[in-house]
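# Examining the three-dimensional arrangement
Listed here are the chains, written in short residue letters.
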Amino acid sequence: MGINKVAVIGAGQMGSGIAQVAAQAGCEVRLYDAESERVSRSLAGIEKQLSGGVAKGKWTQEQAEQARSRIRAAGSLQEAGEDADLIIEAIIENMNAKKTLLAELDSVASAQTILASNTSSLPVTELASVTGRPEQVIGMHFMNPVPVMKLVEVIRGLRTSDETYATVAELAERMGKTALEVRDFPGFVSNRILMPMINEAVYTLYEGVASAEAIDGVMRLGMNHPMGPLALADLIGLDTCLAIMETLHDGFGDSKYRPCPLLRSYVHAGWLGRKSGRGFYSYEG
């Protein structure tokens, strides 16, 4: 089965990036969000990204215009998903919200449609359980920012078929990504390794071992990381970091995954990182 029509549900930063790379891969894309103004902002952002790529010589003006022409807004879930070959949900990292959405998508999508979740940590097997097509449910964990990062973790649930995996992996490669197969464990590979490192950096700040700037400086200058863990947490979103740590803690029952109290406090205060203007660093103005 080839993928020619893709629906993306959720027009935030991740959904926008997924819609863009799908269109650049030659797919017809329908973008839907329950908040219609998000779709408008997303389309404007994609326009800016494509124009910026032309200015930098990454692709031609004609290629940018072709990609733009393949993306359009959908007015409802029904419109977005009714004839899609693949539907990718990219909403909030919350099990109940994702299961509710997937159950609804299962009811509007055609029988052959594959349902994919951009979850960064939640069990794909559980997400698939609310549908009547668990063999056609899979995880596609894109990295942020989607147009730049080359990795897609492709996560097979317990009942995901070989055909579904092969189809999705082939699409990821068409998008210019490297698709790596991962088993369905909490946090998969990327966040099982990355988030405890970020959490430990927050503990280091919490315990007064060093300032945020010094902690990030050690990891950039001493470990050759392109970005320090606290700056990276701000980019990802502290609420997302906390949700993933809670998934790891609940999934493994191991105290080494206990979220740092400072991380929880910042989220409760609304200091979510770049998207809110304040996290471990200030981005206001």
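- As named in an unreviewed UniProt entry, the chain is 3-hydroxybutyryl-CoA dehydrogenase, taken from Paenibacillus taihuensis.
- Looking at the chain in UniProt, the text filed under Sequence similarities (unreviewed entry) is "Belongs to the 3-hydroxyacyl-CoA dehydrogenase family."

## Concerning the pattern of salt bridges
- Throughout the structure, instances matching the rule amount to 16 salt bridges.
- For R156, the salt bridge identified is with D162, shortest N-O distance 2.5 Å.
- Take D162: its relative accessible area is 57%, and that puts it in the exposed class.
- The closest approach of N and O atoms between E170 and R174, which form a salt bridge, is 3.8 Å. Placement of both E170 and R174 in helix α7 (residues 162-174) is noted, with a separation of four residues, approximately one turn of the helix.
- The exposure class assigned to E170 is partly exposed, which follows from its relative accessible area of 38%.
- Residue classification places R174 among the partly exposed positions, given a relative accessible area of 30%.
- In the salt-bridge network here, residues are joined through shared partners; they are K5, R30 and D83.

## Regarding the UniProt feature "domain: 3-hydroxyacyl-CoA dehydrogenase C-terminal" (unreviewed entry) in the chain
- Residues annotated by UniProt as "domain: 3-hydroxyacyl-CoA dehydrogenase C-terminal" (unreviewed entry) correspond here to residues 187-283.
- As annotated, residues 187-283 comprises 62% helix and 0% strand, and the C-alpha atoms at either end are separated by 28 Å.

## Topic: the packing of helix α8 (residues 190-206) against helix α9 (residues 212-223)
- Where α8 meets α9, the axes come as close as 9 Å, and the angle between the chain directions of the two elements is 140 degrees. As the angle between them shows, α8 and α9 are arranged oblique. Seen along the crossing, α8 lies across α9 with a hand that is right-handed. Where α8 approaches α9, its residues M197, A201, T204 and L205 are matched on the opposing element by A212, I215 and M219.
- Class assignment of the residues belonging to the contact of α8 with α9 gives a composition of six nonpolar, one polar and no charged.

## Considering the nonpolar core
- Judged by nonpolar contacts, the single largest core of 39 residues is most densely connected at V6, V29, L86, M140 and F142.
- A total of six residues in this core trace back to one element, the largest contributor, which is helix α1 (residues 13-24).
- With sequence-adjacent residues up to four places away left out, F142 is seen in contact with M14, I18, V21, N118, L151, V152 and M175.
- Grouped together as the second largest cluster of nonpolar side chains are 26 residues, L238, Y257, C260 and L263 included.

Rules behind the numbers
- Residues numbered from 1 in each chain as written.
- Predicted model: local features only at pLDDT ≥ 70, side-chain atom pairs only at ≥ 80, totals over all residues.
- Heavy atoms only, no water.
- UniProt positions renumbered as here; feature names shortened; annotations may be inferred.
- Salt bridge = Lys/Arg side-chain N within 4 Å of Asp/Glu carboxyl O.
- Buried < 20%, exposed > 50% of the residue type's maximum accessible area, 1.4 Å probe, protein only.
- Helix = DSSP H or I, 4+ residues; strand = E, 2+ residues; numbered from the N terminus.
- Axes fitted to C-alpha atoms, helices over the stretch in contact; angles between N-to-C directions.
- Parallel < 35°, antiparallel > 145°, perpendicular 65-115°, else oblique.
- Left-handed = near helix turned anticlockwise from the far one by under 90°.
- Contact = heavy atoms within 4.5 Å.
- Nonpolar A, V, L, I, M, F, W, Y, C, P; charged D, E, K, R; others polar.
- Core = buried A, V, L, I, M, F, W, Y, C linked by side-chain atoms within 4.5 Å.

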